[in-house]
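Breakdown of the fold
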Amino acid sequence: MEYGLLGETLGHSFSPQIHAALADYDYRLYPTPPEAVEDLFRRRAFKGLNVTIPYKQTVIPLCDEVDAGAAAIGAVNTVVNRDGKLTGYNTDIDGLIYLAKRTRVDMAGKKAVILGSGGTSRTARAAARALGASEVAVISRHGEDNYENLSRHGDAQVLINTTPVGMFPHAGVSPVSLDAFPKLEGVLDVVYNPLRTALVMEAEKRGIPCSCGLPMLVAQAKRAAELFTGAAIPDHRLESVIAALTAQVQNVVLIGMPGCGKSAIGRTLARRLGKPFVDLDHLAADRAGKSIPEMFAQEGEDAFRSLESELVREAGAQTGCVLSTGGGVVTREENYPPLHQNGVIVHIRRDIRLLPTAGRPVSQSTDLHALWRRREPLYHAFADLTVDNDSTIEGAAAEIEKELNKA
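Presented here is an overview of the structure given in this document.

Concerning the overall build of the protein
Each helix and strand in the protein was counted, giving 16 helices and 16 strands. Taken over the C-alpha atoms alone, the protein extends approximately 75 × 50 × 35 Å along its principal axes. Taking all 407 residues of the protein together, 51% fall into the buried category. Put simply, of all contacts in the protein between residues at least 6 apart along the chain, 68% involve residues at least 24 apart. Here the protein has roughly 18,200 Å² of accessible surface; of this, 50% comes from carbon and sulfur atoms. Side chains of the protein carry 44 positive and 49 negative charges; the gap between the two charge centres is 2 Å.

Focus on the sheet that holds strand β3 (residues 48–51)
In spatial order, the strands read β2-β1-β3-β5-β6-β4; together these 6 strands make up an open sheet with mixed pairing. On the outer flanks of this sheet lie β2 (27–30) and β4 (65–66), each paired with one strand and no other. Taken together, the 2 bridges between β4 and strand β6 (residues 85–89) define a ladder with parallel strand orientation. Its bridge partner being in β6, Glu65 is matched across the sheet by Thr87. Those strands touched by helix α1 (residues 15–22) are β1 (3–6), β2 and β3, and its axis lies near 160° from that of β2.

With respect to the packing of helix α10 (residues 280–288) against helix α12 (residues 301–316)
Look at α10 against α12: their axes get within 10 Å of each other, and the N-to-C directions meet at 115°. When you trace α10 past α12, the crossing you get is right-handed. Contacts from Leu280, Asp281, Leu283, Ala284, Arg287 and Ala288 in α10 reach Phe304, Leu307, Glu310, Leu311, Val312, Glu314 and Ala315 in α12.

Quick look at the environment of Cys63
Following the sequence through the fold, Cys63 ends up in the loop between β3 and β4. Cys63 sits in the buried class, given a relative accessible area of 10%. Sequence separation between Cys63 and Gly88 is 25 residues, and the spatial gap between their C-alpha atoms is 6.2 Å. With sequence-adjacent residues up to four places away left out, Cys63 is seen in contact with Phe41, Val79, Leu86 and Gly88.

The rules behind these values
- Residues numbered from 1 in each chain as written.
- Predicted model: local features only at pLDDT ≥ 70, side-chain atom pairs only at ≥ 80, totals over all residues.
- Heavy atoms only, no water.
- Helix = DSSP H or I, 4+ residues; strand = E, 2+ residues; numbered from the N terminus.
- Buried < 20%, exposed > 50% of the residue type's maximum accessible area, 1.4 Å probe, protein only.
- Contact = heavy atoms within 4.5 Å.
- Areas by Shrake-Rupley, 256 points an atom, 1.4 Å probe, with all protein chains shown as cover.
- Lys, Arg positive; Asp, Glu negative; His and termini not counted.
- Charge placed at Lys NZ, Arg CZ, Asp CG, Glu CD.
- Pairing = 2+ DSSP bridges.
- Axes fitted to C-alpha atoms, helices over the stretch in contact; angles between N-to-C directions.
- Left-handed = near helix turned anticlockwise from the far one by under 90°.

Okay, structure coming up:
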């Protein structure tokens, strides 16, 4: 092989795609059992390797030379074979530094708190120091600085999460409450699935600059590609890859009044974007084994809303789909985080005079103008963008696609 990824490939399925977008060489996933790693390095049957868990420390003594930065961190994630000489590097630090700068998180002269004490924590410590942090505190479960005495570091201005807390499939939980850090100016989370962890969403809600770890993943791969080829890669190409990956994995979530055209627009938009289409109302009917009007009549609206919220949590954990929701999904605040964690939420707005009511229990039992007055502020609070559907389904879908491409 020429170049590849050594180690557990779970969570690294983007790697070949990223490298293909950054440079022109053969790159593949290369799962290797522990007992075969030493032989692989002895044979040197590669031009370059990215190294991930559990081999970042294992490969250090197998290299002929280790870059000073990687040695200081105590982990190698990139190995380059130059005429038979293996040199180890750590490009994760480059990725984290780029993430901080991209998010406009300034650490110079600031106090940084790092959650977690593992390998990525060591990378974060090195990055924080490289960016001029005046003080770096590490929070671990059992160390002197732990989750029971966070108040000791309430003056922190930067928070970096290097733990897997909040990562899929256990999304929706956060390692800490930001109440503990009232002076925060930036929050970075190395987790990139979901795109917005509970920690990132809390920072976002407070207006604190924040980011998930996807840009870090791409930036470290860019630096590895530069080491492999010896050629610099401009940052605009890096940003193009970040944008493409984000568009690939993010959901497009459609909300709006009953009958506004969410399902029809969703199917059309999914076809245009090449994404699967998910209709929450159809999922609810399938799960309940009865139609939505039957659910309302037999069990009441509260029972339906509980089922809807359960399906929102399941569907929101997916990536790369177009998701059509029921008209009342916004009536429960708990539905926002799972829809927002991987999604851009689009409010489909339609003239009330054009809204059908047949087969829609809430629309039939309520004055539509009164319903709109109650729900309009909720749609506004949930939505990232609003698109009108007063002409054609194809036109509305095209307008959404255009708005997504602007982002």
